[in-house]
Amino acid sequence: MEKLTLKQIEDNLTKLEKWNVVDEIWLEKKYRFKEYLNGIDFVNRVANLSEEMNHHPFISIDYKLITLKMSSWQARGLTELDFKLAHDFDRVYAASRKDIDK
């Protein structure tokens, strides 16, 4: 995958909710959960999806706050794959929230 230009990054970012670009090479978002184990379940789902895509984010677990941060090492910056996974992670989060609210 090719590294995106700043304009492409900005365009892709408008399609996501609450994701931030850090230092022009990282895509980052924080997810908050009501319970610690709900966050851990989310992390497991993210890990499985990441493994399927062979593209793995940095994952930080701070009690009920999960931070995902990613970049494409081979491209030395952000690629379409980073934005696709960001969208997929948001879908996993939405599904997690539905499971919690049942």
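For clarity, every value in this text was computed on a predicted model and none was experimentally measured. (Residues numbered from 1 in each chain as written. Predicted model: local features only at pLDDT ≥ 70, side-chain atom pairs only at ≥ 80, totals over all residues. Heavy atoms only, no water.)

**Remarks on the nonpolar core**
1) Next: Grouped together as the largest cluster of nonpolar side chains are 21 residues, with contacts concentrated most on Trp19, Leu27, Phe42, Leu68 and Phe89.
2) Next: Of all the elements in the fold, those that place two or more residues in this core are strand 2 (26-32), helix 2 (36-53), strand 4 (65-70) and helix 3 (80-101).
3) Next: Here this core takes 6 residues from helix 3, the largest share from any one element.
4) Next: Here phenylalanine 42 is in contact with Tyr31, Phe33, Ile66, Leu68, Phe89, Val92, Tyr93 and Ser96, once residues within four sequence places are set aside. (Core = buried A, V, L, I, M, F, W, Y, C linked by side-chain atoms within 4.5 Å. Buried < 20%, exposed > 50% of the residue type's maximum accessible area, 1.4 Å probe, protein only. Helix = DSSP H or I, 4+ residues; strand = E, 2+ residues; numbered from the N terminus. Contact = heavy atoms within 4.5 Å.)

**Structural notes on unusual backbone geometry**
1) Next: Here the phi dihedral of asparagine 54 falls at roughly 55 degrees; this positive angle occurs in a residue that is not glycine.
2) Next: A relative accessible area of 62% means that asparagine 54 is categorised as exposed.
3) Next: Its identity is not glycine, yet tyrosine 63 carries a phi of approximately 60 degrees, on the positive side.
4) Next: With respect to the secondary-structure elements, tyrosine 63 resides in the loop between strand 3 (58-62) and strand 4.
5) Next: On the basis of relative accessibility, which here comes to 56%, the residue tyrosine 63 falls in the exposed class.

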